[in-house]
Amino acid sequence: MENLLSLKLGQLARVKDIRTENHIDQRILSLGIGKDVQLKVCKIAPLGDPIAVEVDGAQIVLRKSEAEGILVEPV
Amino acid sequence: MKTATMQAPSRTIRIALIGNPNTGKSTIFNNLTGLRQKTGNYPGVTVSRKIGTMKIGDVSAELIDLPGAYSLSAHSPDERVVIDVLNGRFKEIGKPNYVLFVADAANLRRNLFLASQVATLKIPMVLILNQWDAVAPSGQQIDLNLLKGRLNIPVIPAIGTKDKGSTEIKKAVESLMEEPKFLPEIRWPESMHLALDHLNASLAIEDKDFLSDSETHRLLFDTHSAEIQRLKVSPEEATKEVSTARGFLRKDGMNPLVAEAMLHYRHIDGLIGGVVLKDAKLAHGATESIDRLLLHRGWGLAAFIAMMYVVFQAVYSWAGPVMDVIEMGKVWTQNMTGPALDGTPMLQSLILDGVLEGVGAFLVFLPQILILFAFISFLEDSGYMARAAFIMDKLFSWCGLNGKSFVPLLSSYACAIPGIMATRTIEDPKSRLATIFVSPFMSCSARLPVYILCIGAFIEPVYGPWWAGFTLFMMHFVGLAIAVPTAWVVTRFILKTKSQPFVMELPKYRTPRLKDVGFRMWEAGWEFVKKAGTIIFFITIIIWATLYFPRTDDQSDELLATFVAEKVAQKIRSEAEIMSALENPDSELSHELNLLLGSNQINQSYMGRLGKVVQPIFAPAGFDWRISIGVLASYPAREVIISTLGIIYSLGGDVDEEAGSLRDALKNSEWQEGELKGMPIYTVPVVIGLMVFFALCSQCGATTSIIIKEAGLKWAVWSFVYMTTLAWLGAVLCYQIGTRFF
Ligand SMILES: Nc1nc2c(ncn2[C@@H]2O[C@H](COP(=O)(O)OP(=O)(O)OP(=O)(O)O)[C@@H](O)[C@H]2O)c(=O)[nH]1
Ligand SMILES: [Mg+2]
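Residues numbered from 1 in each chain as written. Chains lettered and ligands numbered in written order. Predicted model: local features only at pLDDT ≥ 70, side-chain atom pairs only at ≥ 80, totals over all residues. Heavy atoms only, no water.

Asker: Would you mind going over the site of ligand 1 in detail, with residue names and values included?
Answerer: Residue and element names in this part refer to chain B. What surrounds ligand 1 is a group of 23 residues, the closest being Lys25, Thr27, Val45, Thr46 and Arg510. Contacts to ligand 1 include serine 26, whose side-chain N or O atom sits 2.8 Å from an oxygen atom. Contact between ligand 1 and glycine 40: an oxygen atom at 3.1 Å from a main-chain N or O atom of the residue. Within the complex, 96% of the 650 Å² of free accessible area of ligand 1 lies under protein. The element contributing the most residues to the shell around ligand 1 is helix H2 (residues 25-33), with three residues. Partitioning the shell around ligand 1 into residue classes produces five nonpolar, 15 polar and three charged. (Near = heavy atom within 4 Å. Polar contact = N/O pair within 3.5 Å; in protein donor to acceptor, adjacent residues only side chain to side chain. Areas by Shrake-Rupley, 256 points an atom, 1.4 Å probe, with all protein chains shown as cover. Helix = DSSP H or I, 4+ residues; strand = E, 2+ residues; numbered from the N terminus. Nonpolar A, V, L, I, M, F, W, Y, C, P; charged D, E, K, R; others polar.)

Asker: Pulling in residues and values, what's your account of the interface of chain B and chain A?
Answerer: Contacts between the two partners involve 50 residues from chain B, matched on the other side by 32 residues from chain A. Approximately 3500 Å² of surface area, both sides summed, lies buried where chain B meets chain A, with 55% of it carried by carbon and sulfur atoms. Per-residue buried area on chain B facing chain A is highest for B:His75, B:Phe390 and B:Val503; these three make up 17% of the total on that side. At the boundary of chain B with chain A, the tally comes to six salt bridges. Of the charged contacts, one joins B:Lys278 and A:Asp56 as a salt bridge, the two residues approaching to 3.0 Å between their closest N and O atoms. Elements with a minimum of two residues in the side of chain B that touches chain A: helix H4 (108-119), helix H10 (256-272), helix H11 (286-294), helix H12 (299-317), helix H16 (384-398), helix H17 (403-412) and strand S9 (503-506) of chain B. With seven residues, H16(B) is the largest single contributor of residues to the side of chain B that touches chain A. For the side of chain B that touches chain A, the per-class residue count stands at 19 nonpolar, 15 polar and 16 charged. As judged from the four bridges shared by strand S5 (residues 58-62) of chain A and S9(B), these two strands associate in the antiparallel manner. (Contact = heavy atoms within 4.5 Å. Buried area = accessible area lost by both parts, 1.4 Å probe. Salt bridge = Lys/Arg side-chain N within 4 Å of Asp/Glu carboxyl O. Pairing = 2+ DSSP bridges.)

Asker: Tell me what's going on with the coordination of the magnesium ion (ligand 2), and back it up with residues and numbers.
Answerer: Within the protein, B:Ser26 (OG) and B:Thr46 (OG1) serve as the donor atoms for the magnesium ion (ligand 2), at 1.9 to 2.0 Å. Taken together, the residues span a long stretch of sequence, with B:Ser26 in helix H2 and B:Thr46 in the loop between H2 and strand S2 (50-56) at a distance of 20 residues. (Donors = N, O, S within 2.8 Å, 3.2 Å for Na, K, Ca; no water.)

Asker: Describe H2(B), and please don't skip the residues or the numbers.
Answerer: Judged by how many residues are buried, H2(B) sits mostly within the fold: eight of nine residues are covered. Against the buried residues of H2(B) lie strand S1 (12-18), S2, strand S3 (59-65), strand S4 (98-104), strand S5 (125-130) and helix H6 (166-178) of chain B. (Buried < 20%, exposed > 50% of the residue type's maximum accessible area, 1.4 Å probe, protein only.)

Asker: An account of the nonpolar core is needed here, citing residue identities and associated values.
Answerer: Residue and element names in this part refer to chain B. Within the largest apolar cluster, 135 residues are counted, with the highest numbers of intra-cluster contacts made by Leu472, Leu547, Phe623 and Tyr682. Tallying contributions element by element places helix H20 (residues 448-463) first for this core, with 10 residues. What leucine 472 contacts, discounting residues up to four positions off in sequence, is Phe312, Val315, Tyr316, Leu448, Tyr451, Ile452 and Ile455. Residues Phe90, Ala105, Val118 and Ala261 belong to the second largest nonpolar core, which totals 44 residues. (Core = buried A, V, L, I, M, F, W, Y, C linked by side-chain atoms within 4.5 Å.)

Asker: Please provide a residue-by-residue account of the pattern of salt bridges, values included.
Answerer: For the structure shown, the criterion picks out 26 salt bridges over all chains. For the salt bridge of B:Arg387 with B:Asp291, the shortest nitrogen-to-oxygen distance reads 3.0 Å. Taken together, the residues B:Arg387 in helix H16 and B:Asp291 in helix H11 connect sequence positions 96 residues apart. Like B:Asp291, B:Arg387 is buried. B:Glu357 is the salt-bridge partner of B:Lys330, the closest N and O atoms lying 2.9 Å from each other. Here B:Lys330 is found in helix H13 (residues 320-340), whereas its partner B:Glu357 is found in helix H14 (residues 345-363), with 27 residues between them in sequence. Pair check on accessibility: B:Lys330 and B:Glu357 agree, each one buried. In this structure, a network of salt bridges that share partners links the residues A:Lys43, B:Glu288, B:Asp291 and B:Arg387.

Asker: Which residues make up empty space enclosed by the protein, and what are the values?
Answerer: The gaps left among the atoms become clear once a water-sized probe is rolled over them. Residue and element names in this part refer to chain B. Applying the stated criterion across every chain yields a total of six cavities of 30 Å³ or more. Volume-wise, the largest cavity comes out at about 250 Å³. Taken together, 18 residues make up the lining of the largest cavity; nearest its centre are Pro43, Gly44, Lys404, Thr425 and Met504. Put simply, the parts of the chain that give the lining of the largest cavity at least two residues each are helix H3 (77-86), H17 and S9. (1 Å grid on protein atoms, 1.4 Å probe; cavity = no way out; pocket = protein on both sides within 12 Å on 5 of 7 lines; lining within 4 Å. Points joined across faces, edges and corners; volume = space filled by probe spheres on them.)

Asker: Outline unusual backbone geometry, supporting the account with residue identities and numerical values.
Answerer: Residue A:Pro50 follows A:Asp49 across a cis peptide bond; omega there is -5 degrees. Residues B:Phe549 and B:Pro550 are joined by a peptide bond in cis, for which omega reads -10 degrees. Within the fold, B:Pro550 resides in the loop between helix H22 (514-548) and helix H23 (556-569). Even without being glycine, B:Lys122 reaches a positive phi, approximately 60 degrees. Looking at the element boundaries, B:Lys122 is found in the loop between H4 and S5.

Asker: Lay out the sheet that holds S5(A) in plain terms, naming residues and giving numbers.
Answerer: Here we have seven strands laid out as an open sheet, ordered S1(A)-S6(A)-S2(A)-S3(A)-S4(A)-S5(A)-S9(B), and antiparallel in their pairing. At either end of the open sheet lies a strand with only one pairing partner, and these are strand S1 (2-3) of chain A together with S9 of chain B. In the sheet, strand S2 (residues 12-18) of chain A pairs with strand S3 (residues 38-44) of chain A via three bridges, with the strands oriented antiparallel. The residue of S3(A) that forms the bridge with A:Ala13 is A:Leu39.

Asker: Can you tell me about the pairing of S1(B), naming the residues and giving the values?
Answerer: Residue and element names in this part refer to chain B. Of all seven residues that make up S1, five are buried, and the element is covered over most of its length. Pairing between S1 and S3: five bridges, direction parallel. Across the sheet, residue isoleucine 15 finds its bridge partner in S3, namely leucine 63. Judged from the four bridges that link them, S1 and S4 form a sheet pairing that is parallel. Its bridge partner lying in S4, isoleucine 15 is registered against tyrosine 98.

Asker: Let's hear about a nonpolar patch on the surface: which residues, and what values?
Answerer: All names here are of chain B. A surface patch of nonpolar side chains, about 420 Å² in accessible area, is lined by Ile708, Leu713, Val717, Phe720 and Val721. Top element by residues in the nonpolar patch is helix H32 (residues 713-741). It accounts for four residues. Of note, isoleucine 708 is situated in helix H31 (residues 701-711). (Patch = residues over 30% accessible without salt bridge, like charges linked within 9 Å, V, L, I, M, F, W, Y side chains within 5 Å.)

Everything listed is a geometric property; what it means functionally is a separate question.
Have a look at this one:
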């Protein structure tokens with residue numbers, strides 16, 4: 001399965017699974033990034049890391065190392 | 001009806017403001033209470049609780065402003081405050097009777113997750129849909145009536161920044177007082193009931209016999225729940241029971257770690273289905289266009305540096321005229337009060353040379369403070385601060401800190417105290433400690449007067465305004481340049497933190513409200529003026545007294561005689577001519593004599609003697625005894641050096657009353673003895689060294705005490721020793737290397 005990092009900037013995708021460290025899981029979930037949620041990568045920091053994803057109109061900043069654990073399927 | 005009005009006057013109710021970060025809780029708090037809690041457009045402005053009072057009908061209510069949280073499973077100290085307040089764990093506050101839940105209307109689903117969690121506490125709730133004005137521009141429509149019908153609690157659209165909705169909020173609380181209302185409850189699956197029952201049967205919290213629902217939820221769902229420490233049984237035993245309980249969920253096909261979010265979101269989706277209509281085409285507003293430039297791969301970084309540069313250039317160059325006015329005011333006051341005190345020379349000296357000179361020299365820098373805070377407030381309220389954290393995270397992660405350290409560090413550029421408080425948003429205790437440790441290195445506004453004085457006197461006249469601005473920019477960079485490797489060492493070798501996750505929400509850009517910017521400036525300006533009236537004033541008098549005593553008046557006849565004899569020996573004028581020139585207080589000779597008498601006085605004063613004792617410590621940095629005294633006097637608060645130097649030069653007769661400026665006194669200051677006799681004291685390497693010293697030194701009693709409070713005595717001592725040592729080394733290096741090249 002693809003992870004968030006394999007998406008192109010602005011490409012819409014649906015979350016299939018989250019496999020990061022446990023307590024980050026909870027953090028990401030409470031921010032609204034959960035299974036079956038649609039999101040897209042909307043920004044990349046000028047230095048290449050971190051990135052920002054758009055969920056439900058909100059933009060959430062994540063490091064690439066965390067984004068790797070978010071498995072998605074392009075829609 | 002009747003009973004309600006009868007019991008109302010004697011009642012006090014407690015209301016908590018709860019919600020995600022940056023939704024406008026503090027703005028609404030200010031509207032309702034008339035207080036001025038700090039607000040700003042980034043998540044994590046409020047980091048501790050704050051209580052205000054308001055009237056609802058004739059009931060008086062305590063309103064509690066709290067930090068923002070995304071979930072009740074607290075990850076950072078500021079979030080823990082929310083849970084502790086909700087559970088009534090602070091003795092002085094007690095459990096709130098009502099919750100005002102402040103949601104960002106444009107992001108309803110996510111915001112309701114926390115609301116749904118809070119609902120398990122069974123506290124009557126009002127839902128405030130704040131930032132109602134931002135809903136339409138985000139391409140959404142909310143069917144209010146449908147929502148009200150579904151949620152069963154009062155739902156109030158509000159615009160905090162325009163004070164819209166306050167009356168309705170009060171009315172809603174009033175209606176809850178008559179009839180409490182709650183969010184519709186989640187229908188938990190059977191396995192969840194089994195799990196909860198198991199925990200309730202096997203565990204109990206320390207001082208009670210039972211667990212509340214929300215406590216059971218935290219135990220069941222959180223990986224590192226703080227609740228486990230509060231139980232009657234040992235943590236090991238509790239963990240065993242918790243995993244048995246989780247077994248029920250697993251058997252039901254749920255992953256306990258994600259089950260909570262899944263169940264709540266399912267519940268919310270049921271409640272708000274069809275309430276929010278989205279028009280995706282509209283969703284891209286101004287924020288995206290601005291970010292395309294400010295977060296651009298190439299331009300983004302350049303824009304960041306340029307912006308910082310403009311700030312410091314402006315702070316340096318815009319203030320000039322206002323400074324002149326303040327300086328003129330000081331001279332005018334001296335001229336007005338001077339003659340009136342002619343009869344009492346000691347009081348005259350205390351007022352003119354001590355208080356007016358010392359406090360005046362300090363107050364001159366008020367305009368710079370105001371300009372700096374105008375910019376800081378603008379950056380915070382526009383939403384750029386969070387972008388700065390986004391841009392800088394890579395750099396910070398390299399040294400073991402993260403983007404969340406950025407906001408505390410940037411706040412520390414104004415003042416390290418709020419900066420250190422702001423570290424409460426950092427989840428990991430070790431990252432937090434490391435951030436606290438490096439915060440005082442950020443160049444706070446109290447250092448500004450020292451830089452401006454040095455640059456204005458020695459850099460600008462020689463190298464021009466461009467270099468002056470550049471030097472100021474660089475001085476603000478020195479601390480950061482030291483902080484990064486320091487943090488690296490601290491996180492790598494001392495605390496051994498593992499790299500921390502960084503999750504943060506990017507707010508939308510907003511046009512800052514003039515009122516907020518104005519208030520920030522007023523507040524900072526007032527703090528500054530208050531300082532002038534308290535600590536600066538106090539130390540000023542001490543410094544004056546130690547320079548004024550013991551008196552050397554009995555030596556003046558002798559000095560006069562030598563002075564005249566020397567002049568006669570030069571054979572330019574006759575003795576009679578010299579004596580008559582000395583009759584005139586404005587003659588050149590009188591000035592020269594006054595200078596001689598003045599410097600004799602301060603050389604033999606208590607402070608002068610002390611200065612010569614400590615001067616050898618600072619000799620390798622090229623500091624004379626006056627600078628050394630200034631440095632020592634500034635340990636309680638670094639700004640003190642300005643007033644100290646002001647008094648030293650004024651009592652020494654060096655400050656020309658007409659020009660009245662400390663700047664000129666410094667320029668004319670020369671070594672009076674030793675191998676450098678007759679050479680200027682303040683050379684470029686000395687001045688740079690002095691600025692570097694102030695950039696790195698731990699000279700702030702208030703910062704040290706906040707470090708003790710937030711991190712403990714050990715860290716405070718370390719910070720003091722480390723910073724002082726670095727400062728001395730820095731100044732010595734500048735001088736030693738500098739003198740080889742200049
Ligand atoms: N457009 C708009 N902006 C608002 C509204 N209410 C507040 N703001 C702005 O939103 C930002 C956040 O406001 P705060 O009151 O600091 O939010 P908070 O919830 O206390 O934030 P934290 O303390 O960080 O959790 C500020 O820039 C406010 O000016 C509103 O109704 N509409
Ligand atoms: Mg707040």
